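# Summary of the model geometry
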Amino acid sequence: MKKLIDEITLQNRISEMACEIDSYYLSQDFYRNTQEPVIIIGVLTGSIFFMADLVRKLSIKTKLDFIRTSVYPGKSTKPKKPKIIWTPNTPLNDANILIVDDILDTGITFKLAKEQLNIDYPSHIKTATLLRKKGKSNSNINCDFVGFDIEDKFVVGYGLDYDGKYRELPYVAIWG
Ligand code: 5GP
Ligand code: MG
């Protein structure tokens with residue numbers, strides 16, 4: 001396994017992302033006028049470490065919840081037909097939502113999560129991903145906050161798994 005992004009580089013970039021996210025919300029009337037917490041929705045399970053580190057670096061008010069999708073079940077490294085298998089409990093009507101995921105590949109996960117969350121008529125939905133595979137994501141799937149653009153290789157660590165393993169690594173590595 002080859003280390004791709006070390007722990008210090010990850011943490012430095014996540015601090016920068018937290019500043020970018022703070023600046024965005026602090027510049028928005030909808031946040032400034034209401035001071036309503038931004039609902040941070042992590043995509044389980046891969047986002048947990050990124051989400052935990054990111055939210056502790058944010059200055060804006062937040063509430064935390066989760067959504068679970070299944071895209072890479074079992075030992076597969078190839079996408080299967082995704083579905084939503086867990087939805088947030090937090091009331092989302094009129095809420096400002098930030099969906100947080102570990103990696104943006106084809107964009108199917110963000111698309112599906114947005115469709116699901118839109119059912120409850122939130123006010124705004126923004127997205128943040130730690131990693132984005134270069135050239136892979138569908139051009140009409142935008143992501144508002146991106147940590148690193150990486151090559152199109154299967155990666156593990158810092159929440160990302162292969163067959164449930166390697167999530168606990170403090171760095172991101174190319175699997176294999
Ligand atoms: P997308 O739906 O954008 O194609 O893929 C996003 C989801 O697929 C991520 O949340 C992640 O769970 C999984 N995924 C995509 N690429 C990788 C990868 O390189 N490694 C791992 N471990 N998971 C990936
Ligand atoms: Mg995922």
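So, here's what we can say about the structure. Computed from a prediction, not measured in an experiment: that's the story for all the values here.

What follows deals with the sheet that holds strand S4 (residues 83–86). Across the sheet, six strands lie side by side as S4-S3-S2-S5-S6-S7; this open sheet has mixed pairing. Edge positions in the sheet fall to S4 and strand S7 (145–150), since each has one partner strand and no second. Taken pair by pair, the neighbouring strands of this sheet meet at an average axis angle of 30 degrees, ignoring direction. Sheet analysis places strand S3 (residues 62–70) next to S4, joined by three bridges and oriented antiparallel. Within S4, the residue paired with threonine 69 across the bridge is isoleucine 84. Strand contacts of helix H3 (residues 48–57): strand S2 (38–44), S3, strand S5 (96–104) and strand S6 (124–133), with the helix running at about 165 degrees to S3, the strand carrying the most contacts. Along the sheet, helix H4 (residues 108–118) contacts S2, S3, S4, S5 and S6; its crossing angle with S5, the most-contacted strand, is approximately 160 degrees.

A word on the site of ligand 1. Contacts to ligand 1 come from 16 residues, most closely from Thr106, Gly107, Thr109, Val155 and Asp161. Burial of ligand 1 by the protein chains amounts to 92% of its free accessible area of 500 Å². Sorting the residues of the shell around ligand 1 by element identifies S5 and H4 as the ones contributing at least two each. Among the elements that take part in the shell around ligand 1, S5 stands out by supplying four residues, more than any other.

The subject of this paragraph is the environment of arginine 56. Among the secondary structure elements, arginine 56 is positioned in helix H3. Through-space distance from the C-alpha of arginine 56 to that of tyrosine 31 is 19 Å; in sequence the pair is 25 residues apart. At a separation of 2.9 Å, a polar atom in the side chain of arginine 56 contacts the main-chain carbonyl oxygen of alanine 52.

Calculation criteria
- Residues numbered from 1 in each chain as written.
- Chains lettered and ligands numbered in written order.
- Predicted model: local features only at pLDDT ≥ 70, side-chain atom pairs only at ≥ 80, totals over all residues.
- Heavy atoms only, no water.
- Pairing = 2+ DSSP bridges.
- Helix = DSSP H or I, 4+ residues; strand = E, 2+ residues; numbered from the N terminus.
- Axes fitted to C-alpha atoms, helices over the stretch in contact; angles between N-to-C directions.
- Contact = heavy atoms within 4.5 Å.
- Near = heavy atom within 4 Å.
- Areas by Shrake-Rupley, 256 points an atom, 1.4 Å probe, with all protein chains shown as cover.
- Polar contact = N/O pair within 3.5 Å; in protein donor to acceptor, adjacent residues only side chain to side chain.

Honestly, it's all geometry; don't read function into it.
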